[in-house]
Amino acid sequence: MRRSPDHILRLIAFGLGGLAALFAAVELATTAAPEAPVEPSAGDDPLQEDLARCRTMTPEDMNTDTTCRAAWAEHRRRFLGLPADNTEEE
């Protein structure tokens with residue numbers, strides 16, 4: 001019993017369509033309920049409290065707020081492991 005090439009191509013197309021639908025369903029299931037980002041607790045660190053407040057500001061407000069600019073500069077310094085700027089000399 002020999003099948004025609006059209007019949008074989010039709011079966012392949014349905015199979016590939018089914019695989020595409022399966023992959024789409026899996027991808028949709030994994031992205032449908034994204035996990036909420038975990039916010040680090042501020043704890044006793046006032047820098048974290050300042051950064052949390054600064055994250056809610058618009059870029060225009062950020063340019064004029066010196067407290068936020070200083071907080072982000074300190075955060076960068078800590079993240080990069082740079083030494084503290086000690087401007088006071090004994």
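This is a predicted model, so every value here is computed, not measured.

## Quick word on a nonpolar patch on the surface
Then step 1. A contiguous nonpolar patch, built from I8, L9, I12, L16, L19, L22, F23 and V26 and spanning about 790 Å² of accessible area, is present on the exposed surface.
Then step 2. Looking at the secondary structure, you find L16 in helix α1 (residues 5-32).

## Re helix α2 (residues 46-54)
Then step 1. Taken together, the buried positions of α2 are L47, Q48, L51 and C54. Viewed end-on, α2 has its buried residues packed into an arc of 125 degrees, placing them on one side of the element.
Then step 2. Of the surrounding secondary structure, the elements contacted by the buried residues of α2 are α3 (59-64) and α4 (66-80).

## Quick look at the confidence of the model for the protein chain
Then step 1. Overall, the prediction assigns the protein chain a mean pLDDT of 83, with 80% of residues at 70 or greater.
Then step 2. Averaged pLDDT values over the elements of the protein chain bottom out at 84 in α3 and peak at 91 in α1.

Reading the values: rules and limits
- Residues numbered from 1 in each chain as written.
- Predicted model: local features only at pLDDT ≥ 70, side-chain atom pairs only at ≥ 80, totals over all residues.
- Heavy atoms only, no water.
- Patch = residues over 30% accessible without salt bridge, like charges linked within 9 Å, V, L, I, M, F, W, Y side chains within 5 Å.
- Areas by Shrake-Rupley, 256 points an atom, 1.4 Å probe, with all protein chains shown as cover.
- Salt bridge = Lys/Arg side-chain N within 4 Å of Asp/Glu carboxyl O.
- Helix = DSSP H or I, 4+ residues; strand = E, 2+ residues; numbered from the N terminus.
- Buried < 20%, exposed > 50% of the residue type's maximum accessible area, 1.4 Å probe, protein only.
- Arc of directions from axis to C-beta.
- Contact = heavy atoms within 4.5 Å.
- pLDDT = per-residue confidence, 0-100.

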